[in-house]
Every structure is written in structure tokens, then in C-alpha cells.
Amino acid sequence: MIAAGADLKIYIATRPIDFRCGHDGLAAKVQEMLRLDPFSGAAFVFRSKRAQLVSLYVPLSEELAPQIRTVA
């Protein structure tokens, strides 16, 4: 479970992405599209091409795997 604190920043990517890219691909999208550090402690929201899926990318730390949740 991800507990959102008062200081949690949430960034939403407006361009659709391909969800087949995995953890490393989503981290690269954060750097390329949003020009942010994927391990900054913020949450990142992406959508699929047809806007049927939304994915929430929350990196916990550089040592732990990021948490990714995709919702239809």
C-alpha cells in the first residue's frame, strides 16, 4: 500500500506511453518526458494510447523495485 503524505508530489504525463516498457522504461520516460528524477519521491501517472489504462509509478528507493499499478 502506498500512503500519500501531505508533501507527496504527483506528476501526470499528458502524452500516452507504451506500458510494455517495464520499470526501467517508465523511469526513462520520467527523465525524458517530464525531465525529473525518477527517484525524487514523487508519484508519476501515465496513460495508455487509447486512454483505457492508467499506470501509477512510485519508486520507493534506488535499491528497491518501484511500485507500478495499472488500472483499467
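All of these numbers come straight from a predicted model, not from anything done at the bench. (Residues numbered from 1 in each chain as written. Predicted model: local features only at pLDDT ≥ 70, side-chain atom pairs only at ≥ 80, totals over all residues. Heavy atoms only, no water.)

## Quick word on the environment of Val 30
The following threshold applies: In this description a helix means any DSSP run of H or I spanning at least four residues, a strand means any run of E spanning at least two, and both kinds are numbered starting from the N terminus. Contacts are assigned to residue pairs with any non-hydrogen atoms lying within 4.5 Å of each other.
Tracing the backbone shows Val 30 in helix α1 (residues 22-34). Along the backbone, Val 30 and Phe 46 are 16 residues apart, and their C-alpha atoms lie at a distance of 9.6 Å. Those residues in contact with Val 30 that lie beyond four places of it in its chain are Arg 35, Leu 36, Asp 37, Pro 38, Phe 44, Phe 46 and Tyr 57.

## Quick look at the pairing of strand β3 (residues 54-58)
Selection criterion: At least two DSSP bridges between two strands are required for those strands to pair.
Alignment of strand β2 (residues 43-47) against β3, held across 4 bridges, turns out to be antiparallel. Following the sheet pairing, Arg 47 is matched in β3 by Val 54. The antiparallel hairpin formed by β2 and β3 contains 6 residues in its connecting segment, where Ala 51 sits at a positive phi of about 60°.

## As for the side chain of Ser 48
Mapped onto the fold, Ser 48 is located in the loop between β2 and β3. Beyond its immediate stretch of four places on either side in the chain, Ser 48 contacts Pro 16, Ile 17, Phe 19 and Leu 53.

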